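Analysis of the macromolecular model
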Amino acid sequence: MKAIDRKLLRDLWSLKTQVVSIALVIVCGIGGFIASFSTHDSLVWSREHYYDTARFPHIFATAKRAPLALVEKIRAIPGVSEVETRVVRDAQLSLEGVVPPMIARLIGVDFARPPGMSRLTLKSGRWPVPGMAGEAVVNQRFLEARRLKLGVRAQVLINGKLERLTIVGTALSPEYIYATRGGGMPDDEWFGVLWVDAKALAAGFNMEGAFNSVLLRLAHGASTGAAVDALDRLLEPYGGFGAVGREDQVSHKIVSQEINQQRVFGLVLPSIFLLVAAFILNVVLHRQVNAQRGEIAALKALGYEDRAIAWHYLKLASVIVLIGAAIGIGLGWRLGRAMTGLYTDFFHFPQFYFRLLPWVVLAGCGAALAAAFGGALAAIRNIVRLRAAEALRPPAPAEFRPLLVERLGYARIFTPGQRMILRNLERTPVRAALTIAGIAGSVAILLSGTFWVDAVEYFIDVQFNQVQRANVFVGFAEPVAHTARNDLAHLPGVARAETWRAIPVRLVAGHRHYRTALTGLADDANLQRIIDRDLRGSKPVPGGVLLTTRLANRLGVVPGDTLVAEMLEGKRIKAEVRVAGTVRELAGMNAYMRLEDLNLLAREGPVVSVAGLRVDRGEEPRLLERLKEVPAAAVVIVTRTLLETFRATSAKNILFFTAILTGFAATIAIGVVYNNARIQLAERAWELASLRVLGFTRGEVSVLLLGELALEIAAAIPLGCVAGYWLSWFIISLMQHGEVMEFPLMILPDTYLYAAAVVVAAGIVSALIVRNRIDNLDLVAVLKTRE
Amino acid sequence: MAAMSERPAPLPEHRAPVFLARGLTKTYHMGTTEVHALRGVDLGIHAGEFVVLLGPSGSGKSTLLNILGGLDTPTAGEVRFLEHELSKADEAELTRYRREHVGFVFQFYNLIPSLTARENVALVTDIAERPMAPEEALEWVGLGERLDHFPSQLSGGEQQRVAIARAVVKRPDVLLCDEPTGALDYETGKLVLEVIARINADLGTTAMVITHNAAIAGMADRVLRLGNGRIVGETRPERKLTPAEISW
């Protein structure tokens, strides 16, 4: 081995704590990057793979009742390659051992012949015997949410008649990765998908020779929009509810949003981390190389070429990066696998797929390497540029001058020691600025990883305490008279009851359309309110519709515009409504009207379809028991369980991710602060030892060095808080493409304190280590040599 | 003084000069002030000569040595080493020149602290064309027993002898020493001077030694006195003393 390579190894060994701390920064940067990118990529890949094998349709449509003879016409639509029709109906569901009523989506399947599209994957139990009524498979999530066992008996209300079903198996369907009846959040507990014998279902609902649900697959390259329009025209006479492409299919939409959310966390945050890690690496190596000025000069004098010297230090940087990268890749791979596994379970994808694309590894390592080389080269260039003779001399004493405050005549407020600290900072503003920027960067990423807890809690508070203030919601199978409110108010435990109207609707503005519900609220509504993200309340405006801002944007309308509301139930009225205003709600894609206006628009009397109840705690079970006896109550939802579902899904994913990233951010913060302290010690060891020779105590000397670090940390924390605020704002604004909800930028003082505390703790630990080194400075060596 | 310089030289005078300098000038800028380190130096050094440069601090000795060694370039004037035009050379040419022809010894040794004695010497053998073995060079300076010691485990004199071994291991044409005994005590200093003298005598290496110490001048073939950036005197000792014979 060449002597210069031995020097490399020995230098690495003597710098080992610094090497480790820099490598850790790289581990976090590359590890987070690889874990997140591979998770995102694997999830998209899994979903596509699942969609492919389960033959997920491209277009979905429902109608009231269309004759099977229409199939040939549908098949003739240009671009359509396959058509599948079926009967799908929602019905009231009750399960043995479960108190409140629920909704079942009954889907007819010929179990003798697997469907050509939306193929089911059996997860447990068995398929129903073909042609045998009375058996069903249910979606896996429902069974899990209700903690049911196979063989459980269910009753569904089909055409006013209770039919008995036995659950013989659980299945997964690409159409119901997320099962929801239309709301933004999954309601696995209240909404079960049951696949039953097609013939029996058709007979029960008088749908023989007819269908009400059609699925299409398109040939490669065919236009979805054109096919949707053609299908709509064909289904129109049969009560078509409007066809949708994949992007509006509810389950696909929510899965995509989850994956998209994961992308923001997974791609944006780690990229920022990698950048910050790269920046820190750059600064640290720059100073590390600078500290070896004397040795570089000696190598030059011995006849080593600039290139060889530069290569020597690049090797030093490379080794550190490679150590970090090796661990980072391993960690990223493991974390990526683990996260993909969690998501696969969460989404109930039938198979686990994980892959780590080479470019992800190359990009992560390349960025780290480029940053390390950049830092090392910048420092080497400065030294190599010097004539060897000049480099051999210690750098000329820097030009110090009195501080600004001293020049202004306030010299006496500082002790000589304080002046040394301050002059040193003032003399090397760039170095001080870089150090401060590095520490501020770590405060910022700590904040941007941690504030999600605040944002999620704020969201929960707004959504579950301010907007939805009922603890129990009751959905009626058919609209009921508004007097139902009084009946409900007299049920046991009910402190307050309110009712409102929700009509499924397709809102159309020009070529844009969106399916949602039109909600008619009473003027005195207090249990279901319209609250914007700044907690300001709104009321529906007479004679118009109030839209969630996201919905208005999606439809491309502003207040004053007109849109068409195509109601999808009752008399199926199509009516023009004026957009009266928009409201920036955190959740949902909502459209509100005054209850009277909506009833008028739907040409119905004073009817309602949803009730919200404020129930005394403890009275809930008794109330649920009584509600079971209210025949009109098709579904009862307890908000507590909605909140639990939310905490278990979106919130859990976000917090899981941010917990990992916070750990990384803390590691980076420690790496930055520790390295700065060590480099400062290396740069000033001679000066400090000289002071010790002059009679300064260890404590006094430590204060000189650590005082500078303390000042830098003190300056960096407020800067980092500001930077963290804007970084969080940037990340949040990238997430606002999500349809269903938006997170508020909410950072509580505690979170700022936490970020500051982590950095201060890193500073104290670093100071203790450095203090130990100051105590062991070799004073005699200082007297002998100059550097 | 003039009379002494006209005395016929006992040694390498008949050989061609290895160094030839004309009107060497060097000006530094230290912040806002200009420092005239050399103000027109004319010089010829012959192969195998042992030259001592004497002079007070700031007289330009180190600047001259650095320029002759290719560590620095003059602001004006010419300097050549054999066929190498040093004053016009770029950094790469100077590096090659240092690597092939020059051995340096500094006052503060400038050893790499993370390398042992043997490895510090190997630093040069790794890049030189036909070097001795590092062990041989260290044997030469009397450190055959301390090959695997780190600089921190060696005394000042030992460190300086490692630096000399490192300088001579490549069999350089010239050995340039800047205050080689400056940081050493009397005994150790003499030991180091003996090594330098032996290299000059046995290997025929041209040696130039900067010193404050006039006693060392007795070892030289020729003594150049510098003052204020100029050569202010040149003497040739009648008899070249061995290091053992000098004292200060």
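So, here's what we can say about the structure. (Residues numbered from 1 in each chain as written. Chains lettered and ligands numbered in written order. Predicted model: local features only at pLDDT ≥ 70, side-chain atom pairs only at ≥ 80, totals over all residues.)

Glancing now at the overall build of chain B. Helix and strand content of chain B: seven helices and ten strands. Here the C-alpha atoms of chain B give a radius of gyration of 18 Å, agreeing with the 18 Å that 2.2 N^0.38 yields for 248 residues. With the principal axes as the frame, chain B shows a C-alpha extent of 45 × 40 × 35 Å. When the 248 residues of chain B are sorted by exposure, 48% land in the buried category. Of the contacts formed within chain B by residues at least 6 apart in sequence, a portion of 69% connects residues at least 24 apart. (Helix = DSSP H or I, 4+ residues; strand = E, 2+ residues; numbered from the N terminus. Rg over C-alpha atoms; globule rule 2.2 N^0.38 Å. Buried ≥ 20, exposed ≤ 12 C-beta atoms within 10 Å, placed from the backbone. Contact = placed C-beta atoms within 7 Å.)

This paragraph deals with the sheet that holds strand 9 (residues 222-227) of chain B. Residue and element names in this part refer to chain B. Ordered in space as 6-7-8-3-9-10, the six strands form an open sheet in which the pairing is mixed. Strands at the two margins of the open sheet, each flanked by one partner only, are strand 6 (102-105) and strand 10 (230-235). Shown here is a sheet whose adjacent strand axes are inclined to one another by a mean of 20 degrees, direction ignored. Pairing of strand 3 (residues 50-54) with strand 9, which is carried by four bridges, proceeds in the parallel orientation. Looking at the pairing, V52 lines up with V223 of strand 9. The strands touched by helix 6 (residues 156-168) are strand 6 and strand 7 (174-178); relative to strand 6, the strand with the most contacts, the crossing angle is about 170 degrees. (Pairing = 2+ DSSP bridges. Axes fitted to C-alpha atoms, helices over the stretch in contact; angles between N-to-C directions.)

The next subject is the nonpolar core. Formed by 308 residues in total, the largest nonpolar core has its most connected members in L231, A368, V443, A669 and V759 of chain A together with A165 and I196 of chain B. No other element matches the 19 residues that helix 20 (residues 639-693) of chain A contributes to this core. Sequence-distant contacts of L231 of chain A, defined by excluding residues within four places in its chain, comprise I59, A61, I74, I77, L216 and A243 of chain A. (Core = buried A, V, L, I, M, F, W, Y, C linked by C-beta atoms within 7 Å.)

For R603 of chain A, which is not glycine, the phi torsion reads 55 degrees and is therefore positive. Among the secondary structure elements, R603 of chain A is positioned in the loop between helix 18 (595-601) and strand 21 (607-615). Its identity as a non-glycine residue notwithstanding, R171 of chain B has a phi of 50 degrees, on the positive side. Inspection of the secondary structure assignment puts R171 of chain B in the loop between helix 6 and strand 7. Under the C-beta neighbour-count criterion, R171 of chain B is labelled partly exposed, with 17 such atoms within 10 Å.

Let us now look at the packing of helix 2 (residues 16-53) of chain A against helix 9 (residues 306-347) of chain A. Helix-helix packing is described using two parameters, namely the angle between the two axes and the distance between the axes. All names here are of chain A. Remark: helix 2 packs on helix 9, axes separated minimally by 6 Å, with the N-to-C direction vectors making an angle of 35 degrees. Crossing angle aside, the handedness with which helix 2 passes helix 9 is right-handed. A per-class count over the contact of helix 2 with helix 9 returns 21 nonpolar, eleven polar and no charged. (Left-handed = near helix turned anticlockwise from the far one by under 90°. Nonpolar A, V, L, I, M, F, W, Y, C, P; charged D, E, K, R; others polar.)

Okay, the packing of helix 1 (residues 3-14) of chain A against helix 9 of chain A next. All names here are of chain A. Between helix 1 and helix 9, the shortest axis-to-axis distance is 10 Å and the interhelical angle comes to 40 degrees. With respect to helix 9, the axis of helix 1 lies oblique. Considering the relative orientation of helix 1 and helix 9, their crossing is right-handed. Residues I4, L8, D11 and L12 of helix 1 form the contact with helix 9, whose participating residues are H312, K315, L316 and V319. For the contact of helix 1 with helix 9, the class distribution of residues is five nonpolar, one polar and two charged. (Parallel < 35°, antiparallel > 145°, perpendicular 65-115°, else oblique.)

What follows is about helix 9 of chain A. With 42 residues, helix 9 of chain A ought to run about 62 Å at 1.5 Å a step, and its terminal C-alpha atoms sit 57 Å apart, in line with that. H348 of chain A, located one to two residues past helix 9 of chain A, shows a positive phi value of around 60 degrees. (Expected span 1.5 Å × (residues − 1).)

Now for the sheet that holds strand 5 (residues 84-85) of chain B. All names here are of chain B. Strand order in the open sheet made by the four strands is 2-1-4-5, with antiparallel pairing throughout. Only two strands of the sheet have a single neighbouring strand rather than two, namely strand 2 (33-46) and strand 5. Pairing analysis gives two bridges linking strand 4 (residues 76-81) to strand 5, with the strands arranged antiparallel. Paired with R80 across the bridge in strand 5 is E85.

As a further point, take the pairing of strand 4 of chain B. Relative to strand 4 of chain B, strand 1 (residues 17-30) of chain B is paired through five bridges, and the arrangement is antiparallel. Its bridge partner being in strand 4 of chain B, T25 of chain B is matched across the sheet by A76 of chain B.

This brings us to the environment of S318 of chain A. All names here are of chain A. Its place among the elements puts S318 in helix 9. When the 17 C-beta atoms within 10 Å are taken as the criterion, S318 is described as partly exposed. Considered as a pair, S318 and I717 are 399 residues apart in the sequence and their alpha carbons are 31 Å apart.

So, about helix 4 (residues 117-125) of chain B. Each full turn of the α-helix corresponds to 3.6 residues, which orients residues three or four apart in the same direction. Along helix 4 of chain B, nine of the nine residues are buried, which leaves the element largely enclosed by surrounding structure. Turning to helix 4 of chain B, its buried residues number three or more, namely A117, R118, E119, N120, V121, A122, L123, V124 and T125 of chain B. For helix 4 of chain B, the secondary structure elements touched by its buried residues are helix 1 of chain A together with helix 5 (134-140) and helix 6 of chain B.

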